[in-house]
Amino acid sequence: MNRSLSVRSKKASSGVSEKQPSKHRFTMASLRGTQQPELSKKLYKIIKTENHVIGAHESAAREQVSVARQLSEWGEATEDETISEVSDKLGVLMAEIAEQEDLYAQALEDYRGVLKQIRNTESSVQPSRDHKAKISDEIAKLKYKEPQSTKIVQLEQELVRAEAQSLVAEAQLTNITRQKFKEAYDQYFAATIERAEKQTILAKHARRLINLVDDTPIVPGDAHPPFAGAEESRQVLNDAEDDLRNYQLHVEPITSNAGNLGVGAMPGAPVGGASLQQTAQYANTVGTSEDGGYAESSVQGTDVGSQPPYPVSESERLEQQQADEMKATQQQPVSFQHVA
C-alpha cells in the first residue's frame, strides 16, 4: 500500500483528477478479426472482449480515484472537523481500493497473453486441416469425373501424408490447449481472489473510520465536541498498510503434468508402439513423388526424428527411449505464477 495520510495534497488545481490514457489503444490488430482462421475465431473473440473488460477496470480505477479526491474536498468544504478528517482518510482507502482494481487489470492482461498462445496454435493448425480437406475434395472430384485417372493414386498417397501430419498437428493443439488453459485460468482466478481479499481488507478498515463519526443529534445553538479521533484515524491507515504488507495469497494449487512435453509440444518419451513423431516421419516417407523426393512435414516445430513407424528391436527401442528421456529432461517444467 503506497500510503498517504491525505489525498488532498495530490488534487489538481481544478479539483478534477487528470485522466490517464488507456493502456489499450486501437491498433491494426483490431482489424484482424475477420481474417482469423475459422478454428481460432471463437477464442479470438474471447481475447478481444477481455481487452474491453480490462479497459473498463482501468476506467473504473481512474474514476474511483477521482471520487476519493472529490470526497476529501467536499469534507473539507463542510467546515465540520469530524467530517473533514474522516472523509480525507476514507479517500486514502478508496484510492487504494482503486489501485487494487488497476493491478487486477494488469493481471488480466497477463492472462490474455496466455490465451493468445492457444489462439496462435489454433491458427497454425488450420492450414493442416484445410490441406487435408482440399486433397479429399480433389480425390472425390476425380473419382466422379475420371475414375481411371492415374492422378488419383498420387493424391491418395498425398492424403496419407496429410492425415499423418494432421495427427501431429491435432495432438500439438490438444497438448498446448490443455496446458495453457489451466495456466491462464490459474492466473485469472488467483488474481480475482487476491483483488477481492485485499479490497475486503481495505473496506473493513474503512468501516472503522466511519464509526469515528459521532452522529448524536444536537439542538440549535449547541455544537458537537471537537473531533477526538485523529490519532485513531491515523492508526486505521497504519493497520491497513500493515495488513496489505503482510498479505499472502492462499489458494488451492493448480497442478500440471505438462512438464514432460518435448519438442513440438509432444511427450518426451514414447511408450511402446509408434509415437506421434514416428507417425510424422511415416507421413514424410510414405508415397514418394514422381521424381523420387520425399515430402517434408509442414507442421511447424515438429521434431520427427529418424525412427521407423513400425516395431523395432528391444535394444533399439531402449536406446531411442533413453535418448528421448534425455531430451525431455532438458525441457523446463511448467510452473504457474500467481499474481503477487
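Attention here is on the structure that accompanies the text. Because the structure is a prediction, the values reported are computed rather than measured.

Cut-offs used in this document
- Residues numbered from 1 in each chain as written.
- Predicted model: local features only at pLDDT ≥ 70, side-chain atom pairs only at ≥ 80, totals over all residues.
- Heavy atoms only, no water.
- Helix = DSSP H or I, 4+ residues; strand = E, 2+ residues; numbered from the N terminus.
- Buried < 20%, exposed > 50% of the residue type's maximum accessible area, 1.4 Å probe, protein only.
- Contact = heavy atoms within 4.5 Å.
- Salt bridge = Lys/Arg side-chain N within 4 Å of Asp/Glu carboxyl O.
- Phe/Tyr/Trp six-rings, centres within 6.5 Å; stacked < 30°, edge-to-face > 60°.
- Expected span 1.5 Å × (residues − 1).
- Axes fitted to C-alpha atoms, helices over the stretch in contact; angles between N-to-C directions.
- Parallel < 35°, antiparallel > 145°, perpendicular 65-115°, else oblique.
- Nonpolar A, V, L, I, M, F, W, Y, C, P; charged D, E, K, R; others polar.
- Lys, Arg positive; Asp, Glu negative; His and termini not counted.

Moving on to the overall build of the chain. Assigned secondary structure in the chain consists of six helices and zero strands. Listed N to C, the secondary structure of the chain is α-α-α-α-α-α in terms of helices and strands. Considering the chain as a whole, with its 340 residues, one finds that 36% of them fall into the buried category. Within the chain, residue pairs in contact and separated by at least 24 positions form 83% of the contacts whose partners lie at least 6 positions apart.

Within the structure shown, the criterion is met by twelve salt bridges. Between Glu-101 and Arg-195 there is a salt bridge, with the nearest N and O atoms lying 3.1 Å from each other. With a gap of 94 residues between them, Glu-101 in helix α2 (residues 81-145) and Arg-195 in helix α3 (residues 151-210) connect regions that are remote in the sequence. Its salt-bridge partner being Lys-198, residue Glu-194 comes within 2.9 Å of it at the nearest N-O pair. Of this pair, Glu-194 and Lys-198 both sit in helix α3, separated by four residues, roughly a single helical turn. Just as Glu-194 is buried, Lys-198 falls in that class too. Several salt bridges converge on common partners, so that one network encompasses Glu-241, Asp-242 and Arg-245.

What follows covers the packing of aromatic side chains. Going through the model one piece at a time under the given rule, you end up with six aromatic pairs. Seen from their ring centres, Tyr-185 and Tyr-188 are 5.9 Å apart, and the 55° between their planes marks the pair as tilted. Residue Tyr-185 and its partner Tyr-188 are both found in helix α3; the two are separated by three residues, about one turn of the helix. Given the relative accessible area of 24%, Tyr-185 is considered partly exposed. Their ring planes at 35° and their centres at 6.2 Å tell us that Tyr-185 and Phe-189 sit as a pair that is tilted. Pair noted here: Tyr-185 and Phe-189 are both in helix α3, with a separation of four residues, about one helical turn. Judged by relative accessible area, Phe-189 falls into the partly exposed class, the value being 47%. Aromatic rings pair up to connect Tyr-111, Phe-181, Tyr-185, Tyr-188 and Phe-189 into one cluster.

This next bit is on helix α1 (residues 41-77). A rise of 1.5 Å per residue sets the reference length of α1, with its 37 residues, at 54 Å; its end C-alpha atoms lie 54 Å apart and thus fit the reference within 8%. Downstream of α1 by a residue or two, Glu-79 has a phi angle that is positive, lying close to 60°.

Interhelical geometry of α1 versus α2 gives an angle of 170° and a closest axis separation of 8 Å. With respect to their mutual orientation, α1 and α2 come out roughly antiparallel. Class assignment of the residues belonging to the contact of α1 with α2 gives a composition of 23 nonpolar, eight polar and eleven charged.

Mapped onto the elements of the fold, Glu-50 is located in helix α1. The side chain of Glu-50 is buried and forms no salt bridge, while Arg-112, the nearest opposite charge, is found at 6.5 Å. Ignoring any residue separated from it by four or fewer positions in sequence, one finds Glu-50 in contact with Tyr-111, Arg-112 and Tyr-188.

Right, let's talk about unusual backbone geometry for a bit. The phi dihedral of Glu-79 is positive, around 60°, even though this residue is not glycine. For Glu-79, the location among the structural elements is in the loop between α1 and α2. A residue is classified by how much of its surface remains accessible, and Glu-79, at 76% relative accessible area, is exposed.

Secondary-structure assignment places Lys-41 in helix α1. Lys-41 gets classed as partly exposed once you look at its relative accessible area, which sits at 31%. With 78 residues separating them in the primary sequence, Lys-41 and Arg-119 have C-alpha atoms 8.4 Å apart.

What follows is about the side chain of Ser-128. One can find Ser-128 in helix α2. In this structure Ser-128 comes out as buried when scored by relative accessible area, which is 11%.

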